[in-house]
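# Chains, contacts and geometry: an overview
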Amino acid sequence: SSGINAEYGEPVSAEYTLPCQNTVTLGRERYLALEPIFERIPAVIAEALQQSPTEDIVICGGLTNLHNFNYRLLDELYRLGVSKTVRIFSPPNREYVAWLGASVIYFDDDNYGDQGQSLSEYLERNTASL
């Protein structure tokens, strides 16, 4: 089903400046491009909810900052037959959660400490052939 209708509110237009300094305004297009995602994500979550005793969902990642994402997700879940009262939680700065989690794991010296490299080491290894 299309998330672009009065049910979710009008898409918010945004103006972008391209590298050539031209500007383009996108509204509806920003959301139509995401329809394939909403063909899969709710189905996967619905299946997980049916197999789990929990009713809570924690969403994170930049995609979850889309206009009315939570409402659209809930609507899609209920359309798929989820009968639980689902609660969605969105942590602050959720667009950075994956990066933060990876940085915590990576910088755990016991596991990955010897695999990191500084900027100067990276540049030395990756620009030597230029």
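As the structure is a computational prediction, the values presented were derived from the model and not from experiment.

### Looking at the pattern of salt bridges
- As enumerated under the stated definition, the model contains four salt bridges in all.
- Two residues, Asp 56 and Arg 87, come together in a salt bridge whose shortest N-O distance is 2.8 Å. Taken as a pair, Asp 56 in strand β3 (residues 56-58) and Arg 87 in strand β4 (residues 87-89) lie far apart in primary sequence, 31 residues in all.
- Under the relative-accessibility criterion, Arg 87 is labelled partly exposed at 45%.
- Across the pair Asp 75 and Arg 79 runs a salt bridge, and its minimum N-O distance is 2.6 Å. Linking Asp 75 with Arg 79, this pair stays in helix α4 (residues 69-79), spanning four residues, or about one helical turn.
- Residue Asp 75 is classed as buried on the basis of its relative accessible area of 18%.
- Here the salt bridges do not stand alone but share partners, grouping Glu 35, Arg 72 and Glu 76 into one network.

### A closer look at the packing of aromatic side chains
- Within the structure shown, the criterion is met by one aromatic pair.
- Ring centres of Phe 38 and Phe 69 lie 5.4 Å apart, and the angle between their planes is 50°; on these two criteria the pair is classed as tilted. Of this pair, Phe 38 sits in helix α2 (residues 35-38) while Phe 69 is found in helix α4, placing the two residues 31 residues apart along the sequence. The burial state of Phe 38 is the same as that of Phe 69; both residues are buried.
- The ring of Phe 38 carries the charged tip of Arg 72 above its face, separated from the ring centre by 4.2 Å.

### Topic: the nonpolar core
- If you look at the biggest cluster of nonpolar residues, it comprises twelve residues: Phe 38, Ile 45, Ala 46, Leu 49, Ile 57, Ile 59, Phe 69, Leu 73, Leu 77, Val 82, Val 86 and Ile 88.
- Elements represented by at least two residues in this core include exactly α3 (41-50) and α4.
- Leave out the neighbours within four places in its chain, and Ile 88 touches Ile 57, Ile 59, Asn 70, Leu 73 and Leu 74.

### Some details on the pairing of strand β1 (residues 14-17)
- Bridge count for β1 against strand β2 (residues 23-26) is four bridges, and the pairing is antiparallel. Its bridge partner being in β2, Thr 17 is matched across the sheet by Thr 23.
- Between the antiparallel neighbours β1 and β2 lie five residues, among them Gln 21 with a positive phi of about 75°.

### Let's talk about unusual backbone geometry
- For Gln 21, which is not glycine, the phi dihedral falls at a positive 75°.
- Within the fold, Gln 21 resides in the loop between β1 and β2.
- Of note in this structure, Asn 93 is not a glycine but carries a positive phi near 55°.
- The residue Asn 93 is located in the loop between β4 and α5 (97-106) in this model.

### So, the confidence of the model for the chain
- Scored by pLDDT, the chain comes out at a mean of 79, with 79% of its residues at no less than 70.
- Per-element confidence in the chain is highest for β2, whose mean pLDDT is 92, and lowest for helix α6 (residues 109-112), whose mean pLDDT is 60.
- Taken together, the stretch residues 1-6 has pLDDT below 50 and engages in 14 contacts with residues farther than four places along the chain or on a different chain.

Rules used in this analysis
Residues numbered from 1 in each chain as written. Predicted model: local features only at pLDDT ≥ 70, side-chain atom pairs only at ≥ 80, totals over all residues. Heavy atoms only, no water. Salt bridge = Lys/Arg side-chain N within 4 Å of Asp/Glu carboxyl O. Helix = DSSP H or I, 4+ residues; strand = E, 2+ residues; numbered from the N terminus. Buried < 20%, exposed > 50% of the residue type's maximum accessible area, 1.4 Å probe, protein only. Phe/Tyr/Trp six-rings, centres within 6.5 Å; stacked < 30°, edge-to-face > 60°. Lys NZ or Arg CZ within 6 Å of the ring centre and 35° of its normal. Core = buried A, V, L, I, M, F, W, Y, C linked by side-chain atoms within 4.5 Å. Contact = heavy atoms within 4.5 Å. Pairing = 2+ DSSP bridges. pLDDT = per-residue confidence, 0-100.

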